[in-house]
Amino acid sequence: MTILLHDTLTGADQPLEPLEPGHVRVYSCGPTVYGPAHIGNFRSFLFADLLVRHLRRSGLRVTWVMNITDIDDKIIKGAKAAGTSIEELSERWLEVFLADADRLRMARPDVLPRATAHIDEIVALITTLLEGDHAYRTDDGSIFFRIASWPMYGRLARLDPGEMRVGERVIADEYAKDDVRDFALWKGPKDGEPAWDTAIGSGRPGWHIECSAMSMKHLGPSFDIHTGGIDLIFPHHEDEIAQSEAATGQPFVRTWLHCAHLQSSGSKMAKSVGNIARVGDLLDAGVSPRALRYALIAVHYRAPNQYSDEALLAAGAAVERLDAVVNALDAYREARADDPSLDTALAAAEHGFSSCLDADLNVSAALAVVFDLVRDLNRRIDGRTMSTADAERALALLRSFDEVLGVLPADQDELDDDQRRLLDERAAARASRDWAASDRLRDELASRGITVEDTRDGQRWRRQLEAAHG
RNA sequence: GGCGACGUGGUGAAGUGGUUCAACACGGAGGUCUGCAAAACCUCUAUUCACCGGUUCGAAUCCGGUCGUCGCCUCCA
């Protein structure tokens, strides 16, 4: 089926038609590594992750690029404050970002290009813009993009350049720009700031130009999908379009995808609002990374996602429901003929799940399909109507869904020797109907993070939903 | 001031003209099963979709208005 995606530029759902059939090129605006990303940032990264995972599960090859901004005002300021070098600071926070991303099970992008490693490409791009008279130099060695040279400016954000209030709240003559709306491609050298000596002079790259340079370097002058948070539409992505298309004369991006904000206590999660939560802090406090991931991806990407402790608890409960059915299917043994009605149910669920995600990544509806299937499977488990092979096929489908969702426990999860011994002892105690010992051992295992349940298939165990166990 | 998104139950949240359209998850109340639990299952938990008009045989879904919320216009995922 056709995959439809809601393009910010046209405001319409567009069928995904990769420039190279079967191969989708995706660029996502990544983090500025000057401190720990908050979970609002991760909502947008995980939305891209969900997209990439769904495309791959749909049989498409995906090249996913996510930039790392490792030079900018905040990093310079942060390094100064911390008394370390810019390289040390950005390296440190890049590691934290990757660790957080791993813990939230974000697929690792195929390329994680860094701005400081692409100075040549940035300089080349700016040179082209200068030659085309789309850019100009100022006395301090800075180079600006000339918005007046690009009539399409404002299309993405639906802003009329003449009506824009840009400049009202900034010092308009700070850089002696021709027009207050013009934006910096290259920032001239300043005392105490890093600078690169290049063909266009000494200085450092502006923020917008790095994304143009790196996306086109790794994905070509035109590529399929560019993602980011809704707050990047203007000016960041607007500027990317202007400078990229002015330089290449080719359409930059086919489909622009923007996710709405993660909200907390009524407004968007942002450092300046002071309502941020961080991955590391939450996990240290015992929040399950799988529950956190679920909470961040379960709402349609274009709708604001209300984050709260309550939402996190609800997400955890939903994940546990999935854990329970996976566990039950795993333990299920029944020597009987296959139930032909199961395949019908599985096929319907597969179709429903894929269709929902095809429709502009409607993950809420896809999850509804999953939970409908879960209820059906639980009924079949209770009724012992499936064969062992049926249960295996059902489990395989749930694991297949999880290729996109990424919230199920790992497949090959094993108890350690100590836990295994306790579980075996408990089985023996139960065989001799020693309930006191059985209950004591159950408590013992619970204190080690293992929940034990008794079923017709014998003891069934699963890990409690905690950070340490994930 | 300009632009954009949106207002569905106790909470989060699907659904954008009619065939279960009020999904799904969480929470809550009962019940079944169980040595006890847990999990699971069953029943119940919005005659109603911000409000007011209109279009239509028919609207949560389309149109107009009102009120309200959020976002962008400035670094920002």
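What you are looking at is a predicted structure, and each value in this text was computed from that prediction instead of being measured.

### With respect to unusual backbone geometry
Cis geometry marks the peptide bond from Phe-234 to Pro-235, where omega comes out at 0°. Inspection of the secondary structure puts Pro-235 in helix H6 (residues 233-248). A positive phi angle is found at Arg-433, which is not glycine, with a value near 55°. Following the sequence through the fold, Arg-433 ends up in the loop between helix H13 (417-431) and helix H14 (435-447). According to the relative accessible area criterion, Arg-433 is exposed, its value standing at 59%.

### What to know about the side chain of His-134
Relative to the elements of secondary structure, His-134 occurs in the loop between helix H4 (119-131) and strand S5 (135-137). Residue contacts for His-134: discarding those within four places in its chain leaves Leu-129, Phe-144, Phe-145, Arg-146, Ser-149, Trp-150 and Ala-246.

### Quick notes on the nonpolar core
Core analysis: the biggest nonpolar cluster contains 132 residues, and Ile-39, Leu-55, Leu-292 and Leu-329 have the highest contact counts within it. Per-domain counts for this core show at least three residues from each of domain 1 (16-259) and domain 2 (280-405). Once you skip the residues sitting within four places of it in the chain, Leu-292 turns out to touch Ile-39, Leu-104, Leu-282, Leu-283, Val-287, Tyr-307 and Leu-312. Grouped together as the second largest cluster of nonpolar side chains are ten residues, Leu-422, Leu-445, Ile-450 and Trp-461 included.

### So, the pattern of salt bridges
This structure, assessed with the given rule, holds 35 salt bridges. One salt bridge connects Arg-380 with Asp-376, and the closest N-O pair in it is separated by 3.2 Å. Remark: Asp-376 and Arg-380 occur in helix H11 (residues 363-383); sequence separation between them is four residues, near one turn of the helix. For the pair Arg-380 and Asp-376, one class covers both residues: buried. One salt bridge in this structure joins Asp-424 and Arg-420, with 4.0 Å as the shortest N-O distance.

### Remarks on the domain arrangement of chain A
By a frequent convention, interface size equals the accessible area lost on bringing the separate parts together. Under the domain assignment used here, chain A contains domain 1 (16-259), domain 2 (280-405) and domain 3 (417-463). Domain 2 and domain 3 are separated by 26 Å when their C-alpha centres are compared. Across the boundary between the two partners, domain 2 contributes ten residues, which contact five residues of domain 3. Surface buried jointly by domain 2 and domain 3 totals about 690 Å² across both partners, of which 41% is contributed by carbon and sulfur atoms. Sorting the residues of domain 2 by area buried against domain 3 places Asn-327, Ala-331 and Arg-384 first, and these three jointly supply 58% of that buried surface. Of the charged contacts, one joins Arg-384 and Asp-457 as a salt bridge, the two residues approaching to 2.9 Å between their closest N and O atoms. Taken together, the links from domain 2 to domain 3 amount to three residue pairs in polar contact (both at pLDDT 80 or more). A class-by-class count of the residues in the side of domain 2 that touches domain 3 yields four nonpolar, one polar and five charged.

### Re the pairing of strand S4 (residues 61-66)
By the criterion of burial, S4 is predominantly enclosed, with five of the six residues buried. Where strand S3 (residues 23-28) and S4 come together, six bridges link them in parallel fashion. Bridge assignment links Ser-28 to a residue of S4, and that residue is Met-66. Between S3 and its parallel partner S4, the chain crosses via helix H1 (residues 39-57), and the hand of that crossover is right-handed.

### So, the packing of helix H5 (residues 207-219) against H6
Look at H5 against H6: their axes get within 9 Å of each other, and the N-to-C directions meet at 55°. For the element pair H5 / H6, the angle class is oblique. Note on packing geometry: the crossing formed by H5 with H6 is right-handed. Taken together, the residues of H6 that come into contact with H5 (itself represented by Trp-207, His-208, Ile-209, Cys-211, Ser-212 and Met-216) are Pro-235, His-236, Asp-239, Glu-240, Gln-243, Ser-244 and Thr-248. Within the contact of H5 with H6, the residues separate by chemical class into five nonpolar, six polar and two charged.

### Section: the packing of H4 against H5
Two elements in contact, H4 and H5, have axes separated by 9 Å at closest approach and are oriented at 105°. One way to sum up the angle between H4 and H5 is to call them roughly perpendicular. Counted together, Glu-121, Ile-122, Leu-125, Ile-126 and Leu-129 of H4 and Ile-209, Glu-210, Ser-212, Ala-213, Met-216 and Lys-217 of H5 form the full contact between these two elements. When the residues that make up the contact of H4 with H5 are grouped by side-chain class, the tally is seven nonpolar, one polar and three charged.

### Quick look at the confidence of the model for chain A
Model confidence for chain A is summarised by a mean pLDDT of 92, while 95% of its residues fall at 70 or above. pLDDT under 50 marks residues 166-173. Its contacts with residues more than four places away, or in other chains, come to six contacts.

### Points about the sheet that holds strand S12 (residues 262-264)
Strand order in this open sheet of three strands is S13-S12-S14, and the pairing throughout is mixed. Looking at which strands have only one partner, the edges of the open sheet turn out to be strand S13 (267-268) and strand S14 (305-307). Note: S12 against S13, two bridges, orientation antiparallel. Bridge pairing in S13 links Gln-263 to Lys-268.

### Description of the sheet that holds strand S11 (residues 253-259)
Taken in spatial order, the four strands line up as S4-S3-S10-S11 in an open sheet, and their pairing is parallel. Both edges of this open sheet fall to S4 and S11, since each of them pairs with a single strand only. The sheet shows a mean angle of 20° between the axes of neighbouring strands, direction not considered. Each of S3, S4, strand S10 (223-229) and S11 is contacted by H1, which is oriented at about 165° to S4, the strand it contacts most.

### Let's talk about the packing of aromatic side chains
Taken as a whole and judged by the stated rule, the model has eleven aromatic pairs. Taking 5.6 Å as the distance between ring centres and 20° as the angle between the ring planes, the aromatic pair formed by Phe-42 and Phe-97 counts as stacked. Of the two residues, Phe-42 sits in helix H1 while Phe-97 sits in helix H3 (residues 86-103), which places them 55 residues apart along the sequence. Judged by relative accessible area, Phe-97 falls into the buried class, the value being 4%. Taken together, a centroid distance of 5.1 Å and an interplanar angle of 15° make the contact between Phe-145 and Phe-183 stacked. With Phe-145 in strand S6 (residues 143-145) and Phe-183 in strand S7 (residues 183-187), this residue pair connects regions lying 38 residues apart in the sequence. Judged by its relative accessible area of 7%, Phe-183 falls in the buried class.

What counts and what doesn't
Residues numbered from 1 in each chain as written. Chains lettered and ligands numbered in written order. Predicted model: local features only at pLDDT ≥ 70, side-chain atom pairs only at ≥ 80, totals over all residues. Heavy atoms only, no water. Helix = DSSP H or I, 4+ residues; strand = E, 2+ residues; numbered from the N terminus. Buried < 20%, exposed > 50% of the residue type's maximum accessible area, 1.4 Å probe, protein only. Contact = heavy atoms within 4.5 Å. Core = buried A, V, L, I, M, F, W, Y, C linked by side-chain atoms within 4.5 Å. Domains from an automatic or database assignment. Salt bridge = Lys/Arg side-chain N within 4 Å of Asp/Glu carboxyl O. Buried area = accessible area lost by both parts, 1.4 Å probe. Polar contact = N/O pair within 3.5 Å; in protein donor to acceptor, adjacent residues only side chain to side chain. Nonpolar A, V, L, I, M, F, W, Y, C, P; charged D, E, K, R; others polar. Pairing = 2+ DSSP bridges. Right-handed = clockwise from strand over helix to strand, strands pointing away. Axes fitted to C-alpha atoms, helices over the stretch in contact; angles between N-to-C directions. Parallel < 35°, antiparallel > 145°, perpendicular 65-115°, else oblique. Left-handed = near helix turned anticlockwise from the far one by under 90°. pLDDT = per-residue confidence, 0-100. Phe/Tyr/Trp six-rings, centres within 6.5 Å; stacked < 30°, edge-to-face > 60°.

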